[in-house]
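Coordinate inspection notes
Spelled out, the chains give:
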Amino acid sequence: MNKKYLASFGAFKKINSDIWHKIVGYFPNLEIAWNASENDYIKAGLKDKQAKELRDHIKTFDNEKYINLLNKNNVNIISIMDPEYPKLLKEIHTPPFIIYIKGKLDIKDEGAIAIVGSRKATDYGRRVTNELAGELASAGITIISGLALGLDTQAHTAALKKGGRTIAVLANGLDMIYPTSNTNLANEIINNGAIISEQPLGMPALKPNFPARNRIISGLSQGVIITEAGDKSGTLHTANFALEQNRQVYAVPGPIYNPLAHGPNTLIKLGAKLVTSSSDILEDFGIEKELIISKPENSDEKLIFDLLINGEKHIDEITNISKRSSQEISRIISLMEINGKLIHLGGMIYDLK
């Protein structure tokens, strides 16, 4: 399919799946469709107003300039008819006819998991999101989220720190990053995955675009994890799309007095799979958690790994079993915790991360 005309039709801000299918189904190719008359569009099935607005767009649109802009921004564009179009996304109701991409999609992205949550997260939400995203990424699972502030940012960042792949779905054109504070993060994602959008270049992050963006987040994923969300959070829209798309919904329970736990707790009541560790998700993929634990780098770390491989232990128990001094064990554990290999559960109890 001719990319120039594909991009040019895609830049028509009122185009939708219905219009796309009428155009593609009626005209032999997009070049002929681009040069068609208003009456031809009506014959193709467009309403009078749609035909006029599309013709007005074509009259004033400089497609050569737009193609140059796509190239300048390193943005690729694929249609639903292209073999590289994500298979899972094709399955949803009204999939985007075209998507814009910076970075690269990979065959392993077909087993992706989305992690989404509140912009105004608690320490609990950040910790849970960081742990889940990091461990899933370590297991080779692509992490998908929406690049929003808060837990979306946490999910992308955790995946990158573990050397994993992550995909950000934006509600605006890829010639700009929203929020702008995540520009550096977006560039990291491009080098280790992709940022994608169904919106043309120049499209700002308008409020109506976000629900449409959320259906793509869930559509690209095998399942969606909700870590924290209020009762009226946009995060719950993603969960609803996931249910409509026959995707697995996972939810992390939280304290009943935390307003941001209301969303996940309600989802669990309604049948979402309760998640307390990455094992609850990995078992659905047939992956054992032990296989993704970081490997010890020296004999000191191996000692601690061997002691904790079957579960958490108090530092006194570790000291007694190891027959090392408490000062030495404290030093080793502190270094491993700093390097993200151990997690302190409170009360001087430690577990492998």
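Higher on the page you've got the structure.
We now turn to the structure provided with this report. These numbers were taken from a predicted model, which means no experiment stands behind them.

In this section: helix α12 (residues 235-244). Note on helix geometry: an α-helix contains 3.6 residues per turn, so any two residues three or four positions apart are oriented the same way. Among all positions of α12, only Thr235, Leu236, Thr238, Ala239 and Ala242 are buried. Along the axis of α12, the buried residues cluster in a sector spanning 150°; they form a single face. Where α12 is buried, its residues meet β3 (113-116), α11 (209-219), β7 (223-226), β8 (248-251) and α13 (262-269). Downstream of α12 by a residue or two, Asn246 has a phi angle that is positive, lying close to 60°.

On inspection of all chains with the given rule, the structure shows nine aromatic pairs. For the pair Phe27 and Tyr41, a centre-to-centre distance of 5.9 Å together with 75° between the ring planes defines the contact as edge-to-face. In this pair, Phe27 is assigned in the loop between α2 (17-26) and α3 (30-34) and Tyr41 in helix α4 (residues 38-44), connecting sequence segments 14 residues apart. A relative accessible area of 9% places Phe27 in the buried class. For Tyr41, a relative accessible area of 0% gives the class buried. With centroids separated by 6.2 Å and ring planes inclined at 65°, the aromatic side chains of Tyr178 and Phe210 adopt a geometry described as edge-to-face. Linking Tyr178 in the loop between β5 (166-169) and α10 (183-191) with Phe210 in helix α11, this pair joins segments that are 32 residues apart in sequence. By relative accessible area, which is 45% here, Tyr178 ends up partly exposed. The rings of Tyr5, Phe9, Trp20, Trp34, Phe61, Tyr66 and Phe97 are connected pair by pair, giving a single aromatic cluster.

Looking along the chain, the bond that leaves Tyr178 and enters Pro179 is cis, with omega of -5°. Considering the arrangement of structural elements, one finds Pro179 in the loop between β5 and α10. The phi dihedral of Asn74 falls on the positive side, at around 55°, and the residue is not glycine. Phi is positive for Asn246, close to 60°, though the residue is something other than glycine.

The rules behind the values
Residues numbered from 1 in each chain as written. Predicted model: local features only at pLDDT ≥ 70, side-chain atom pairs only at ≥ 80, totals over all residues. Heavy atoms only, no water. Buried < 20%, exposed > 50% of the residue type's maximum accessible area, 1.4 Å probe, protein only. Helix = DSSP H or I, 4+ residues; strand = E, 2+ residues; numbered from the N terminus. Arc of directions from axis to C-beta. Contact = heavy atoms within 4.5 Å. Phe/Tyr/Trp six-rings, centres within 6.5 Å; stacked < 30°, edge-to-face > 60°.

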